[in-house]
Structures are given as structure tokens and as C-alpha cells.
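# Survey of secondary and tertiary structure
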Amino acid sequence: IVPEKVECVGHVQKRLGTRLRNKVKEYKGTSTPLSGKGKLTEKVINSMQNFYGIAIRQNSGNLYQMKKAVGAILWHCTDMNDIEVRHQFCPKVETSWCKYQKDKISKKSTYKANINIPKWIHDIIKPIFIELSSDDLLSKCLHGRTQNSNESLHNVIWVKCPKNVFVGKPTLELGVYSAVIEFNEGCQEIRKVVEYMGLDAGSELLTNSRQRDALRVNKMVKKCNEKGKKRRKTLRGVKKGYLDKERESEVKESYICGGH
């Protein structure tokens, strides 16, 4: 049996942002820097990375459409005189990430070109998009899924056995066992293990387990609603430069002699 490796869409999505940032660093200090107003700012890179993830997820199971959607991102973000040519490869559906195509379907006029990278930058970063739209890579993303559930289990394990604290093998095994039980069945199931060992679980263990399970469910409900999702995007924006404060700093000259 030869195992077939698949990729996490979330991890593949981050590759685009990483490579674009590395390209910006490569040209930093040269006569043609890629960063600055109207170029590859942090906001533009994050938007491209987001479009890349959407292109993969919305076309799961269809390699051709996935490749076409990934290629459309670069054209969508490039400054061109002919707007039809610019958006010729963008998804022509109502759920498209391209607002121009959505407006054509809904008969509205809300589209505004917020990203307008020059053609010479288009040519520099084009090989990155070609590499990240290869059949070999995208065929491993046809499932359209992530490893988030695995990461959630890892988080439960690390809470019990922090990475920065050394523990022996017996402690690590007990931590993993209890984490798996808690992740799959809830904290209350630990009581069955205690009783199976011939010990008295006690009312405190049961009360504490119920409280922890209720807290976990409440946190998940908050994270899944629209308010929770919007809050996460806002917090993520603070880190990545989506907010106005970060935009203003990007508009100013970043690469001046003695500048910070």
C-alpha cells in the first residue's frame, strides 16, 4: 500500500504569502523595491493570500477550475487599462471573490479596484503563481480541507503537557491519553477511567468536568457565530496591517535614509 499525501489547504494558502514576502525582502534596498504605496504592501499580500485560499476551496474536486482561479488572482490585482481583460479569468458566478464579476451578475456598480500592482511587478511574481498552481500541488488540495481538527487536538495536549516543560514518558502518555478522551468525549468521560481503576471519582471531579465541558461548548458557539468571526478578522487585521493605522504607515516612505 502506497500512502497518498494530501496537503492542508490552510498551510498551502500560507505559502503564497510567505513567498511574496520573501520576494519583497529580496528586492529591498534595490533601485526597484516591490514594497510601498501602489505595490506589494502587506495588505495586498494578505488579500492575494486570501484569494488563493478561496480559489482552492471553491473549486475542490475540479483541478482545471482550481488552476484557472489561481491564475486569475494575478490578473485581477494587476493595473490594466482594459478592465474586461483584467477580469477575464475571474470566476463568473454570484459567489465569486471578484466583485467586478459579482456586479455584472447582480447588475450593481459597487466594484472599486483597491489593488493595482504595476505590470512590471506582475512579471516578477508571475513565476510564484505558476509554481503554486502546478498540477502536482493542487491535485493534493482537491479535497478542500484543512488540518484544523488535528491542531485542535494538539492544543488540548499542549495545555496538559506544555512544549517548554520537560516531562517523562509516563507523564506524556497520561497527558495524551486524557487529552484524546477530553477531545473526543468531553471531560466527564475521565470519570469512567477513574472508576475503572477502582477509585472514587467524587462529586468535585464531576462538577469540574461539567463546567469545563460547558465552557468549551460556549466558546465554540461564540467562535462560530458572525460576531465571533468578525472579531477574529479584526484581531488578525491588527497583526497583518488591514487597519487604517497600518495603511497610513504603508503610504509613507518606508525606505528612506535613517528611516525607521
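On a predicted model such as this, the values are computed, not experimentally measured, just so you know.

Summing up its helical and strand segments, the chain has 13 helices and zero strands in all. Along the chain, helices and strands appear, N-terminal first, in the series α-α-α-α-α-α-α-α-α-α-α-α-α. A compact globule built from 260 residues would reach a C-alpha radius of gyration of about 18 Å, whereas the chain, at 24 Å, exceeds it by more than 25%. Here the chain holds 260 residues, and the buried ones make up 30% of them. Contacts spanning at least 24 positions in sequence make up 64% of the contacts within the chain whose residues lie at least 6 apart. Of the roughly 17,500 Å² that the chain leaves accessible, carbon and sulfur atoms contribute 54%. Separation between the mean location of the 49 positive side-chain charges and that of the 28 negative ones in the chain comes to 3 Å.

On the surface, V193, Y196, M197 and L199 cluster together to form a nonpolar patch covering roughly 490 Å² of accessible area. Looking at the element boundaries, L199 is found in the loop between α10 (190-196) and α11 (202-224).

With respect to the helices and strands, K23 occurs in helix α1 (residues 9-27). We classify K23 as buried; its relative accessible area is 18%. With sequence-adjacent residues up to four places away left out, K23 is seen in contact with L34, I124, I125 and I128.

This brings us to the pattern of salt bridges. One pass over the full model with this rule turns up twelve salt bridges. Salt-bridge contacts for R21 lead to E42; the nearest nitrogen and oxygen are separated by 2.9 Å. A residue pair is termed long-range when its members are at least 10 positions apart, and R21 in helix α1 and E42 in helix α2 (residues 42-58) qualify at 21 residues. Here the salt bridges share partners, and the residues they tie into one network are K5, E7 and R15.

Let us now look at the packing of aromatic side chains. In total, this model carries three aromatic pairs according to the counting rule given. Ring centres of F51 and W97 lie 4.8 Å apart, and the angle between their planes is 25°; on these two criteria the pair is classed as stacked. Placement of F51 in helix α2 and of W97 in the loop between α4 (83-86) and α5 (99-106) is noted, with a sequence separation of 46 residues between them. Here F51 matches W97 in class, with each residue buried.

Another aspect to go through is the packing of α2 against helix α3 (residues 63-76). Each packed pair of helices is defined by two parameters, the angle between the axes and the distance between the axes. For the pair α2 and α3, the least separation of the axes is 8 Å and the interaxial angle reads 160°. The angle between α2 and α3 falls in the class roughly antiparallel. Here α2 and α3 pass one another in a crossing that is right-handed. For the pair formed by α2 and α3, the contact residues are M48, F51, Y52, A55 and I56 on the first element and M66, A69, V70, I73 and H76 on the second. Grouping the constituent residues of the contact of α2 with α3 by class yields nine nonpolar, one polar and no charged.

With that settled, the discussion passes to the confidence of the model for the chain. Residue-level pLDDT values for the chain average 83, and 90% of them are 70 or greater. Taken element by element, the predicted model of the chain shows its lowest mean pLDDT in helix α13 (residues 244-251) (45) and its highest in helix α6 (residues 119-131) (92). Here residues 243-248 is modelled with pLDDT under 50, and outside its nearest four sequence neighbours on either side it reaches seven contacts, counting other chains as well. Confidence drops under pLDDT 50 across residues 250-260; counting only partners more than four residues distant or on other chains, this segment forms nine contacts.

What follows is about the nonpolar core. Ranked by internal contacts, the top residues of the largest apolar core, which has 36 residues, are L40, M48, Y52, I73, I117 and I125. For this core, the elements supplying multiple residues, two or more each, are α1, α2, α3, α6 and α7 (135-138). In terms of residue count, the dominant contributor to this core is α2 (seven residues). Beyond its immediate stretch of four places on either side in the chain, L40 contacts V24, L34, S35, I45, M48, I117, I121 and I125.

A positive phi angle, close to 60°, is found at K107, a residue other than glycine. Of note, K107 is situated in the loop between α5 and α6.

Moving on to the environment of S152. For S152, the location among the structural elements is in helix α8 (residues 148-160). Residue classification places S152 among the partly exposed residues on the basis of a relative accessible area of 37%. Residues S152 and K223, 71 residues apart in the sequence, show an inter-C-alpha distance of 14 Å.

Reading the values: the criteria
Residues numbered from 1 in each chain as written. Predicted model: local features only at pLDDT ≥ 70, side-chain atom pairs only at ≥ 80, totals over all residues. Heavy atoms only, no water. Helix = DSSP H or I, 4+ residues; strand = E, 2+ residues; numbered from the N terminus. Rg over C-alpha atoms; globule rule 2.2 N^0.38 Å. Buried < 20%, exposed > 50% of the residue type's maximum accessible area, 1.4 Å probe, protein only. Contact = heavy atoms within 4.5 Å. Areas by Shrake-Rupley, 256 points an atom, 1.4 Å probe, with all protein chains shown as cover. Lys, Arg positive; Asp, Glu negative; His and termini not counted. Charge placed at Lys NZ, Arg CZ, Asp CG, Glu CD. Patch = residues over 30% accessible without salt bridge, like charges linked within 9 Å, V, L, I, M, F, W, Y side chains within 5 Å. Salt bridge = Lys/Arg side-chain N within 4 Å of Asp/Glu carboxyl O. Phe/Tyr/Trp six-rings, centres within 6.5 Å; stacked < 30°, edge-to-face > 60°. Axes fitted to C-alpha atoms, helices over the stretch in contact; angles between N-to-C directions. Parallel < 35°, antiparallel > 145°, perpendicular 65-115°, else oblique. Left-handed = near helix turned anticlockwise from the far one by under 90°. Nonpolar A, V, L, I, M, F, W, Y, C, P; charged D, E, K, R; others polar. pLDDT = per-residue confidence, 0-100. Core = buried A, V, L, I, M, F, W, Y, C linked by side-chain atoms within 4.5 Å.

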